[in-house]
Amino acid sequence: EAGVAQSPRYKIIEKRQSVAFWCNPISGHATLYWYQQILGQGPKLLIQFQNNGVVDDSQLPKDRFSAERLKGVDSTLKIQPAKLEDSAVYLCASSLVRSSGITGELFFGEGSRLTVL
Amino acid sequence: DAKTTQPNSMESNEEEPVHLPCNHSTISGTDYIHWYRQLPSQGPEYVIHGLTSNVNNRMASLAIAEDRKSSTLILHRATLRDAAVYYCILRDNSGGGADGLTFGKGTHLIIQP
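Residues numbered from 1 in each chain as written. Chains lettered and ligands numbered in written order. Predicted model: local features only at pLDDT ≥ 70, side-chain atom pairs only at ≥ 80, totals over all residues. Heavy atoms only, no water.

J.: Got a minute to help me understand the overall build of chain A in this structure?
T.: Each helix and strand in chain A was counted, giving zero helices and eleven strands. Starting at the N terminus and ending at the C terminus, chain A contains elements arranged as β-β-β-β-β-β-β-β-β-β-β. Relative to the 2.2 N^0.38 estimate, which gives 13 Å for 117 residues, the radius of gyration of chain A is 14 Å and therefore close to what a compact globule would have. On the principal axes, the C-alpha backbone points of chain A span a range of 45 × 25 × 25 Å. Of the contacts made within chain A by residues no fewer than 6 positions apart, 53% connect residues no fewer than 24 positions apart. A total accessible area of about 5,900 Å² is found for chain A, and carbon and sulfur atoms account for 50% of it. Taking the average place of the 13 positive charges on the side chains of chain A and the average place of its 11 negative ones, the gap between the two points comes to 4 Å. (Helix = DSSP H or I, 4+ residues; strand = E, 2+ residues; numbered from the N terminus. Rg over C-alpha atoms; globule rule 2.2 N^0.38 Å. Contact = heavy atoms within 4.5 Å. Areas by Shrake-Rupley, 256 points an atom, 1.4 Å probe, with all protein chains shown as cover. Lys, Arg positive; Asp, Glu negative; His and termini not counted. Charge placed at Lys NZ, Arg CZ, Asp CG, Glu CD.)

This is the structure:
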């Protein structure tokens, strides 16, 4: 079974530039999450989708971050304009929703490492 | 999500058992105890989870205190590949809605050869 795919693996940009990250979840996984992991810290949830609807975006800095999940499959996370403090690894995860309505374990991709200069 | 407390780091020797503790004194009745680990330069991966009873799988065992205020992840025979950050997370599995995991800083497990 293919895992969660993310691209690019690495990206270096200057502050005030824009960047986009792509995620392809495991086939059949209705729920998709984007996390931000700053060096030395645990991952922080940015946004959760169920199919193509947003379930939770309470920690997404909406003035500069946006995310979409068209057709309920692939997702993109965009940062515009980037700040120095956005340097981090951006992790995508997906999970299956069981017939009981309970979400199963999360499967994470390898992440996209962003460096803002 | 209720919070958990873990030691910042632990060290163990290869091929010996490792017991990783986690305190969660404010756990609610619908919270499951989840463990994930993150190997260097990789995304987190699921290890095990439980509600009340002890659980075993191919990766590890989870021992849950009777009052559910603490738990211990047990790696029966650590290898160098088990060196990772281990996260203990409470997750409300009552179904539906926002259920993203809330990660703390975890325990950095160091394995000595």
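J.: How should the packing of aromatic side chains be read in this particular structure?
T.: Each aromatic ring pair is specified by the distance between its two centres and by the angle formed by the two planes. Residues and elements named next belong to chain B. Going through the model one piece at a time under the given rule, you end up with ten aromatic pairs over all chains. A ring pair is formed by Tyr36 and Tyr46, whose centres lie 5.7 Å apart and whose planes are at 75°; its orientation type is edge-to-face. Taken together, the residues span a long stretch of sequence, with Tyr36 in strand 3 (residues 31–38) and Tyr46 in strand 4 (residues 45–50) at a distance of ten residues. Assessed through its relative accessible area of 0%, Tyr36 is described here as buried. According to the relative accessible area criterion, Tyr46 is buried, its value standing at 17%. When the centroid spacing of 6.3 Å and the interplanar angle of 70° are considered together, the rings of Tyr36 and Phe103 count as edge-to-face. A residue pair is termed long-range when its members are at least 10 positions apart, and Tyr36 in strand 3 and Phe103 in the loop between strand 8 (84–92) and strand 9 (107–112) qualify at 67 residues. (Phe/Tyr/Trp six-rings, centres within 6.5 Å; stacked < 30°, edge-to-face > 60°. Buried < 20%, exposed > 50% of the residue type's maximum accessible area, 1.4 Å probe, protein only.)

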